Amino acid sequence: MIAHGNSIEILAGNSNKALADAIAAELKTVVSDAEIGKFSDGEINVTLPNTVRGKDVFIVQSTSAPVNDNLMELLIMIDACKRASAGRITAVMPYFGYARQDRKARPRDPITAKLVADMLTSAGADRVLTIDLHAAQIQGFFNIPVDHLYGAPLLARYYKNKMDENWVVVSPDVGSVGRARNFASRVNATLAIVDKRRPKANAIEIMNVIGDVKGKTCLVVDDMVDTAGTLCQGAEALIKNGAKEVYACCTHGVLSGPAMDRLNASPIKELLVLDTINMPEEIRKNPKVKVMSVAKLIAKAIYTIYSDSSLSAIYED
């Protein structure tokens with residue numbers, strides 16, 4: 001692995017070009033041209049018109065929907081840069097798809113997050129930069145450096161001046177308690193937990209709330225919201241247990257399938273998400289959804305990697 005490139009080069013796939021442009025603007029540069037197309041049978045083709053020889057290349061690509069197309073684009077772009085003698089190649093994956101398949105939950109299950117890690121390494125990535133992996137241990141699936149950023153400081157900064165003693169941070173399930181506890185400590189709030197159980201197969205879920213939420217404004221904190229089932233059911237349980245209002249925030253707004261219908265019908269006042277995933281305009285315009293940019297955070301991380309500085313310092317201001 002080559003330790004360093006001689007200048008920063010930003011490339012982007014099709015998954016989130018708006019974020020890539022914003023990152024480049026923060027770095028006072030532009031996204032370099034990359035011609036990405038498909039053959040008539042659906043095969044992806046990538047051509048890099050400009051030289052990347054000896055450069056520190058950062059390829060911005062979230063593996064969000066369409067997940068497999070975006071993943072293949074990223075792998076092919078990495079391979080193209082490797083064969084063009086890039087000095088160092090960093091896969092900048094604001095959203096790391098397949099992260100939920102990080103263990104064998106049942107017999108004969110694949111561990112797809114490990115497979116994706118192996119594919120990225122085999123393609124030629126020298127390091128990975130990502131935000132809020134669904135399971136932090138995925139960093140250990142790689143044999144290359146992984147720079148793992150956190151969205152919580154950005155989200156907490158947004159809410160800190162809005163919150164008082166009548167707010168409580170809520171974990172949407174038992175598995176997210178650590179994340180919610182960390183967030184609560186950042187905003188000096190108390191913690192509650194929504195405990196979701198299934199008494200038997202195909203039975204209605206029972207939602208129990210652990211902690212005092214009566215008369216409180218609740219903020220549900222999660223790493224991602226996909227179909228929004230757990231989030232919206234949790235919000236209803238909080239209201240039934242006496243909560244005054246419910247807000248929610250997450251790093252990754254996947255918002256697939258029935259997510260928006262559920263969100264619109266739920267008691268949630270606002271869902272704050274980071275723009276790690278490019279959202280359709282109709283979702284961005286929804287009055288219940290607020291989007292905050294991670295461009296500045298990622299740009300700082302890219303410059304820190306390039307300049308061999310301390311990554312932890314980027315959160316200080």
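Preceding this paragraph is the structure being described.
About the thresholds
Starting afresh in each chain, residues are numbered from 1 along the sequence in its written order. Given that the model is predicted, a residue must reach a pLDDT of at least 70 before its local features are reported, and side-chain atom pairs must reach 80 or more before they are shown or counted; all residues, however, enter totals for whole chains, interfaces and linings. Side-chain descriptors were evaluated using all non-hydrogen atoms of the structure, hydrogens and water having been removed beforehand. Here a salt bridge means any side-chain nitrogen of Lys or Arg lying within 4 Å of a carboxyl oxygen belonging to Asp or Glu. Segments assigned H or I by DSSP are reported as helices when at least four residues long, segments assigned E as strands when at least two residues long, and all are numbered from the N terminus. Only protein chains enter the accessibility calculation, which uses a 1.4 Å probe; a residue is then buried when its area is under 20% of its type maximum, exposed when over 50%, and partly exposed in between. One less than the residue count of a helix, multiplied by 1.5 Å, gives the span that helix is expected to have. By the convention used here, residues are in contact when the closest approach between their heavy atoms is within 4.5 Å.

Trainee: Lay out the pattern of salt bridges with the relevant residues and their values.
Mentor: All chains considered together, the criterion is met by twelve salt bridges. Asp69 is the salt-bridge partner of Lys38, the closest N and O atoms lying 2.8 Å from each other. Of this pair, Lys38 sits in strand E2 (residues 35–38) while Asp69 sits in helix H2 (residues 67–83), and the two are 31 residues apart along the sequence. Residues Lys114 and Asp118 are paired through a salt bridge, measuring 3.0 Å at the closest nitrogen-oxygen approach. With a gap of four residues between them, Lys114 and Asp118 both fall in helix H3 (residues 112–123), about one helical turn apart. Given a relative accessible area of 33%, Asp118 falls into the partly exposed group. Counted as one network, the salt bridges with shared partners bring together Asp79, Lys82 and Arg83.

Trainee: Please provide a residue-by-residue account of H2, values included.
Mentor: Every α-helix winds through 3.6 residues per turn, so residues three or four apart in the chain are directed the same way. The first and last C-alpha atoms of H2 sit 24 Å apart over 17 residues, in line with the 24 Å expected at 1.5 Å per residue. Considered for burial, the residues of H2 that qualify are Asn70, Leu71, Glu73, Leu74, Leu75, Met77, Ile78 and Cys81. In this structure, the buried residues of H2 make contact with strand E1 (8–12), E2, strand E3 (44–47), strand E4 (56–60), strand E5 (88–93) and H3. One or two steps after H2, the chain reaches Ser85, where phi turns positive at roughly 65°.

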